[in-house]
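A closer look at the structure
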Amino acid sequence: MKILLDFLPILLFFGAYKLYGIYVGTAVLMVATLVQMGVTYALERKLQTMQKATLALVLVFGTLTLVLQDERFIKWKPTVLYAAMAFALAVTVWVFKKNFLKLVLGSQLELPDAVWMRLNWLWVAYCLFMAVVNGYVAYYFSTDAWVDFKLWGYVFPLAFIVGQGLYVSRYLRSDGDVVEIESKERR
């Protein structure tokens with residue numbers, strides 16, 4: 001259910017774009033994201049920081065797109081979001097000496113600190129990669145190509161999440177205990 005809820009706004013945007021164009025697609029994306037966050041809030045009684053940031057950027061860049069009738073705003077929203085995520089993850093470690101991923105997910109997943117730090121830097125690299133790729137496609141390709149990239153480009157996050165899961169699984173035992181990082185790396 002959660003995966004469908006996460007993909008629903010982009011699927012609705014894609015359909016509306018193909019049928020009616022970028023401006024109707026943008027409006028549909030804005031409404032679908034509002035509904036998505038409303039349902040998420042109703043189910044979980046809170047929104048994560050990332051969800052709030054996504055909602056704010058969709059509404060701000062979507063509004064700019066519609067009011068100014070300039071599709072560049074909605075096309076650059078993912079680049080801004082990914083770059084902001086990379087920046088926030090890096091600053092949290094460098095300036096505040098905290099690992100944001102561990103703060104958010106540490107209660108659900110017990111991992112050695114070194115693994116948490118690697119995951120954090122992997123997320124920084126992934127977000128920078130996605131910011132650059134989206135920026136490149138938004139700048140050098142047509143809106144049709146960008147919209148297709150937005151739909152089919154979901155292979156990147158899916159591959160990243162699967163790879164991350166495989167990486168993390170090396171440090172977990174079947175009984176849920178953490179495998180010590182030193183013994184795992186000696187093999």
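Criteria and thresholds
Sequence order as written defines residue numbering, which begins from 1 separately in each chain. Thresholds applied to this predicted model are a pLDDT of at least 70 for local features of residues and 80 or more for the giving and counting of side-chain atom pairs; totals over whole chains, interfaces and linings are not thresholded and use all residues. Side-chain numbers come from the whole structure's heavy atoms, not from hydrogens or water. Confidence of the predictor in every single residue is expressed as pLDDT, which spans 0 to 100. Note on contacts: a residue pair qualifies if any of its non-hydrogen atoms lie within 4.5 Å across the two residues. Each pair of aromatic rings taken from Phe, Tyr and Trp, with Trp reduced to its six-membered ring, is defined by centres within 6.5 Å and is described as stacked if the planes are under 30 degrees apart, edge-to-face if over 60, and tilted in the remaining cases. Secondary structure elements follow DSSP: runs of H or I no shorter than four residues count as helices, runs of E no shorter than two count as strands, and numbering proceeds from the N terminus. In this scheme, a residue with accessible area under 20% of its type's maximum is buried, one over 50% is exposed, and one in between is partly exposed, where area comes from a 1.4 Å probe on protein chains only.

Comments concerning the confidence of the model for the chain
Taken as a whole, the chain shows an average pLDDT of 88; of its residues, 91% reach a score of 70 or greater. Every residue in residues 181-187 is under pLDDT 50, and counting partners more than four places away or in other chains gives 10 contacts.

Comments concerning the packing of aromatic side chains
In total, this model carries 14 aromatic pairs according to the counting rule given. For the ring pair Trp123 and Phe160, a centre distance of 4.9 Å and an interplane angle of 90° mean the geometry is edge-to-face. Here Phe160 lies in helix 8 (residues 155-169) and Trp123 lies in helix 6 (residues 113-140), a separation of 37 residues in the sequence. Given a relative accessible area of 16%, Phe160 falls into the buried group. Ring geometry for Tyr126 versus Phe160: centroids 4.2 Å apart, planes at 10°, classification stacked. You can see Tyr126 sitting in helix 6 and its partner Phe160 sitting in helix 8, a full 34 residues away along the chain. Looking at Tyr126, the relative accessible area reads 9%, which means it is buried. A connected cluster of aromatic rings, assembled from ring pairs, spans Tyr82, Trp123, Tyr126 and Phe160.

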